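Residue strings, one per chain:
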Amino acid sequence: MHRNLPQNKEALLKSYTTRLKDDVKSMLENFEEIIKLAKGDNESQLNRMTQIEQDTFEMQVRAANIVRAGESLMKLVSDIKQYLILNDFPSVNEAITQNSKLFRTKQQECDQKLMSLRDDIAADLYDLEDEYFTSIYK
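Residues numbered from 1 in each chain as written. Predicted model: local features only at pLDDT ≥ 70, side-chain atom pairs only at ≥ 80, totals over all residues. Heavy atoms only, no water.

An unreviewed UniProt entry lists the protein under the name Mediator of RNA polymerase II transcription subunit 22, with Leptosia nina as the source organism. Recorded under Subcellular location (unreviewed entry), the UniProt text for the protein is reproduced unchanged: "Nucleus". The UniProt entry for the protein carries the following comment under Sequence similarities (unreviewed entry): "Belongs to the Mediator complex subunit 22 family." (UniProt positions renumbered as here; feature names shortened; annotations may be inferred.)

This paragraph deals with a nonpolar patch on the surface. On the surface, Leu114, Leu117 and Ile121 cluster together into a nonpolar patch covering about 300 Å² of accessible area. Of note, Leu114 is situated in helix H3 (residues 89–133). (Patch = residues over 30% accessible without salt bridge, like charges linked within 9 Å, V, L, I, M, F, W, Y side chains within 5 Å. Areas by Shrake-Rupley, 256 points an atom, 1.4 Å probe, with all protein chains shown as cover. Salt bridge = Lys/Arg side-chain N within 4 Å of Asp/Glu carboxyl O. Helix = DSSP H or I, 4+ residues; strand = E, 2+ residues; numbered from the N terminus.)

All told, the structure shown has two aromatic pairs when counted by the stated rule. Taken together, a centroid distance of 6.3 Å and an interplanar angle of 80 degrees make the contact between Tyr16 and Tyr83 edge-to-face. Taken together, the residues Tyr16 in helix H1 (residues 7–39) and Tyr83 in helix H2 (residues 48–87) connect sequence positions 67 residues apart. Taken individually, Tyr16 and Tyr83 each receive the classification buried, so the pair is uniform in this respect. Ring centres of Tyr132 and Phe133 lie 5.2 Å apart, and the angle between their planes is 70 degrees; on these two criteria the pair is classed as edge-to-face. (Phe/Tyr/Trp six-rings, centres within 6.5 Å; stacked < 30°, edge-to-face > 60°. Buried < 20%, exposed > 50% of the residue type's maximum accessible area, 1.4 Å probe, protein only.)

Below, the structure is given as structure tokens:
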């Protein structure tokens, strides 16, 4: 997976992987616990209304934990995108090379058109000068 990466990049990629696994694990565990609470199979010595309130509160806390893990995953995606944008030099260099080739061909096309235009104007100017100097009206 890792090919001769500098140590700080390797550590960064490991931290991304760890964050991903932790957040997904947190979402899964909290979801499973919410499902268990929704079944309502747990027998306790608490009053039924007290148990319902406790279960409701626990579901809200677990739902908030799922949201927090989801936001953490979105931040992770943003961090990875930023890392790629700032550190993906081969693709940046490739894009620069492609643009450079494109602009060179456009430059050559423009140069050819200008040379053709210059030749046409020079020929027309020669004809005009010839006409002027051979004219009887000068």
